[in-house]
Amino acid sequence: MAQKHSPPTRQEVVATCPGLRSSPTEVREWLEHYLEYRGLNPASSAKFVWRGIELHRAPHANLLDAFKQHCGILYCEAEVLAQDVHNIVEVSVAPNTLFIGHQIGLHRNILSIQ
């Protein structure tokens, strides 16, 4: 008897958020997992063709339109998904942004000493 596949957890979805250099295929695969996590049809991500940089730079309104147009999700659900994905992207970028900012600060200090 086959074991039932369990959907990904929120922690797994956040941890696997595509990076800025992710291809459309990588973003689409992540979106499949995200939709499965939300209890929606993962196959509805098939027409989603954004790259990682587009996902990370998209304002809420663009995410909302993408869920409606590319995934065929109704407005009320797309609104929730857009906000949630926007939050996931922000969380996934925050540590890297802090690290880069820290590195820039270190380089400024080194340059000002010389």
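What comes next concerns the included structure. (Residues numbered from 1 in each chain as written. Predicted model: local features only at pLDDT ≥ 70, side-chain atom pairs only at ≥ 80, totals over all residues. Heavy atoms only, no water.)

## Quick notes on the overall build of the protein
Cut-off, in case you're wondering: Helix and strand assignments follow DSSP, with helices taken as H or I runs no shorter than four residues and strands as E runs no shorter than two, numbered in order from the N terminus. Any residue under 20% of the maximum accessible area for its type is buried, any over 50% is exposed, and the rest in between are partly exposed; the area is computed with a 1.4 Å probe on protein chains only. Residue contacts are counted whenever heavy atoms from the two residues lie within 4.5 Å of one another. Method for areas: the Shrake-Rupley scheme with a 1.4 Å probe, in which residue coverage is limited to the protein chains shown.
Across its full length, the protein carries five helices and zero strands. Each helix and strand of the protein, ordered N terminal to C terminal, gives the series α-α-α-α-α. Here the protein holds 114 residues, and 28% of them are scored as buried. Sequence separation of 24 or more characterises 58% of the internal contacts of the protein that already satisfy a separation of 6 or more. Working note: accessible area of the protein is about 7,700 Å², and carbon and sulfur atoms make up 58% of it.

## Examining the environment of arginine 10
Our working rule: Polar contacts here mean pairs of N or O atoms no more than 3.5 Å apart (in protein, one a potential hydrogen donor and the other a potential acceptor; neighbouring residues in sequence count only if both atoms are side-chain atoms).
In this fold, arginine 10 is placed in helix H1 (residues 10-15). For the pair formed by arginine 10 and tyrosine 37, sequence separation is 27 residues and the distance between their alpha carbons is 7.1 Å. Filtering out sequence-adjacent residues up to four positions away, arginine 10 remains in contact with Tyr37, Asp84 and Ile88. A polar contact is formed between the side chain of arginine 10 and the side chain of tyrosine 37, at a distance of 3.5 Å.

## Overview of helix H4 (residues 60-69)
Which entries qualify depends on this criterion: Note that the arc is computed from the directions linking the helix axis to the C-beta atoms.
Along H4, the positions that sit buried rather than exposed are Leu63, Leu64, Ala66 and Phe67. In a view along the axis of H4, the buried residues occupy a sector of 165°, so they form one face of it.

## Some details on the packing of aromatic side chains
As a reminder, the rule being used: Only the six-membered ring of Trp is used, alongside the rings of Phe and Tyr, when aromatic pairs are assigned; centres must lie within 6.5 Å, and planes under 30 degrees apart are stacked while those over 60 apart are edge-to-face, with the rest tilted.
Within this structure, the stated rule accounts for four aromatic pairs. Centroid distance phenylalanine 48 to tryptophan 50: 5.1 Å. Interplanar angle 50°. Geometry classified as tilted. Relative accessible area serves as the criterion here: at 2%, phenylalanine 48 is assigned to the buried category. Overall, the relative accessible area of 13% leaves tryptophan 50 in the buried class. Geometrically, the ring pair formed by phenylalanine 48 and phenylalanine 67 is tilted, given 6.3 Å between the ring centres and 40° between the ring planes. One end of the pair, phenylalanine 48, is in the loop between helix H2 (24-37) and helix H3 (52-57); the other, phenylalanine 67, is in helix H4, with 19 residues separating them in the sequence. Among the residues examined, phenylalanine 67 registers a relative accessible area of 1% and is labelled buried. One aromatic cluster is present, built from ring pairs that chain together Trp30, Tyr34 and Tyr37.

## What about the side chain of serine 45?
Looking at the element boundaries, serine 45 is found in the loop between H2 and H3. Setting aside anything within four residues of it in sequence, one finds serine 45 in contact with Arg28, Leu31, Glu32, Leu35 and Cys71.

## Observations regarding H2
Threshold: The span expected for a helix works out to 1.5 Å for each residue beyond the first.
Here H2 spans 20 Å end to end across 14 residues, near enough to the 20 Å set by a 1.5 Å rise per residue. Buried residues of H2: Val27, Arg28, Trp30, Leu31, Tyr34 and Leu35, and no others. Buried residues of H2, viewed axially, fall in a sector of 165°; they line one side.

## Quick notes on the environment of proline 18
By the element assignment, proline 18 lies in the loop between H1 and H2. Taking the C-alpha atoms as reference, proline 18 lies 6.9 Å from tryptophan 30; in sequence the two are twelve residues apart.

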